[in-house]
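Chain residues, written in single-letter form:
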Amino acid sequence: MSATSREAAAAARAQHVRQRGDRPSQRRCAELTGSRAVARVPASIELREQGGGGALEFLGYATVYERGYEMWDYYGPYTEVVSAGAGAESLARADLDVPLVLGHDQLRRLARTTTGTLQLSEDDNGLSVRAPSLDPADYDVAYIAPKLRSGLIDEMSFAFRIDAGQWSPDYSEYRITRYDIHRGDVAIVGYGANPATEAALRAPVARSSRARALLEIALAR
């Protein structure tokens, strides 16, 4: 996207958005108005195999904090940034319900917080995702595991609601200061909007060979 287009979008936004605290209108992840409003990020994914034929452990990041990624609203492109700690209030809910899914498809669930099979937390990097016991006999797990190991798939995304945020003075950047992920999702995706995230798949085998089993994709930025 050209700098001119971004500048024009920011100028139009500055003229029409009433307050800097207003949320983006028609927020989406692509230029097309029908695209979904999800923040996608290349992630570090690890998948560990728990012994011979046992459960698999998935580790990744659904988003990275303090790293800008491109989004679109009614006026055009802008940069979106998620502040560190923005999900703390939502993640602290006793009834938190978030599934780990493939491609934001709610019927292709791999794990879920309500069943104790998915753990979400914040750290210095971003929104950490851990599913400690994926069933290798599950159709979707069997489908995605080799793609994660080979690096064919290495990105994540998350679907959430913006609770609070603010535009920069020139309306070219929107910073999310609080989001609600309850009844949203964390997803393994083909391509992500935020090129700063990481996703990796580890297959933990015997301790002596664990180093060889780690398939890690480090942060590119």
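In the annotation of an unreviewed UniProt entry, the protein chain is listed under the name Putative phage protein and assigned to Nonomuraea gerenzanensis.

A.B. asks: Help me understand helix α3 (residues 139-150), please; the structure alone is not making it clear to me.
C.D. replies: Helical geometry: 3.6 residues make up each α-helical turn, so side chains three or four residues apart lie on a common side. Listing the buried residues of α3 in full gives Asp-140, Val-141, Ile-144, Ala-145 and Leu-148. Considered in projection along α3, the buried side chains sweep an arc of 120° and stay on one side of the axis. Backbone geometry just downstream of α3 places Gly-151 in the positive-phi region, at approximately 85°.

A.B. asks: Can you help me understand the pairing of strand β9 (residues 126-134) in this one?
C.D. replies: Here is the key point about a regular strand: its side chains alternate between the two faces of the sheet. Burial analysis of β9 places seven of its nine residues in the buried class, which makes it a mostly covered element. Both strand β3 (residues 56-64) and β9 contribute to a ladder of four bridges, which runs antiparallel. Bridge pairing in β9 places Thr-63 opposite Leu-127.

A.B. asks: How should the pattern of salt bridges be read in this particular structure?
C.D. replies: It is possible for side chains of opposite charge to pair when their charged atoms get near one another. Throughout the structure, instances matching the rule amount to twelve salt bridges. Two residues, Arg-27 and Glu-80, come together in a salt bridge whose shortest N-O distance is 2.9 Å. With Arg-27 in the loop between α1 (3-16) and β1 (39-42) and Glu-80 in strand β5 (residues 76-82), this pair connects stretches of sequence that are 53 residues apart. Of the residues examined, Arg-27 reaches a relative accessible area of 13% and is grouped as buried. Arg-175 is paired through a salt bridge with Glu-66; the nearest N and O atoms lie 2.9 Å apart. Here Arg-175, found in strand β11 (residues 173-189), pairs with Glu-66, found in the loop between β3 and β4 (69-73); they are 109 residues apart in sequence, far enough to count as distant. Look at Arg-175 and you get partly exposed, because its relative accessible area is 27%. Taking the relative accessible area as the measure of exposure, Glu-66 reaches 41% and is therefore partly exposed.

A.B. asks: Looking at this structure, I do not really get the environment of Leu-96. What am I missing?
C.D. replies: Mapped onto the elements of the fold, Leu-96 is located in the loop between α2 (88-91) and β6 (99-102). Taking the relative accessible area as the measure of exposure, Leu-96 reaches 11% and is therefore buried. When near neighbours in sequence (up to four residues on either side) are disregarded, Leu-96 contacts Ser-90, Leu-91, Thr-113, Thr-114, Ile-181 and His-182.

A.B. asks: Is there a simple way to explain the side chain of Ser-90 in this structure?
C.D. replies: Structurally, the position occupied by Ser-90 is in helix α2. The class for Ser-90 is buried, based on a relative accessible area of 4%. Every residue in contact with Ser-90, bar those within four places of it in the chain, is listed here: Leu-96, Tyr-179, Asp-180, Ile-181 and His-182.

A.B. asks: Please explain the pairing of β4 as it appears in this structure.
C.D. replies: The buried fraction of β4 amounts to four of the five residues, a majority that puts the element mostly inside the structure. With five bridges connecting them, β4 and β5 associate as antiparallel partners. Considered in β5, the bridge of Trp-72 is made with Pro-77. Between the end of β4 and the start of β5, which pair antiparallel, lie two residues.

A.B. asks: Which parts of the structure should I look at to understand the packing of aromatic side chains?
C.D. replies: Given two aromatic rings, one states the distance between the centres and the angle between the planes to describe the pair. Counted according to the given criterion, the structure contains seven aromatic pairs. Ring geometry for Phe-158 and Tyr-179: centres 5.3 Å apart, planes at 80°, overall edge-to-face. In this pair, Phe-158 sits in strand β10 (residues 155-167) while Tyr-179 sits in strand β11, placing the two residues 21 residues apart along the sequence. Under the relative-accessibility criterion, Tyr-179 is labelled buried at 1%. Taken together, the ring pairs connect Tyr-78, Trp-167, Tyr-171 and Tyr-174 into an aromatic cluster. The cationic tip of Arg-108 hangs over the ring face of Tyr-143; the distance from NZ or CZ to the ring centre is 5.2 Å.

How each quantity is defined
Residues numbered from 1 in each chain as written. Predicted model: local features only at pLDDT ≥ 70, side-chain atom pairs only at ≥ 80, totals over all residues. Heavy atoms only, no water. Buried < 20%, exposed > 50% of the residue type's maximum accessible area, 1.4 Å probe, protein only. Helix = DSSP H or I, 4+ residues; strand = E, 2+ residues; numbered from the N terminus. Arc of directions from axis to C-beta. Pairing = 2+ DSSP bridges. Salt bridge = Lys/Arg side-chain N within 4 Å of Asp/Glu carboxyl O. Contact = heavy atoms within 4.5 Å. Phe/Tyr/Trp six-rings, centres within 6.5 Å; stacked < 30°, edge-to-face > 60°. Lys NZ or Arg CZ within 6 Å of the ring centre and 35° of its normal.

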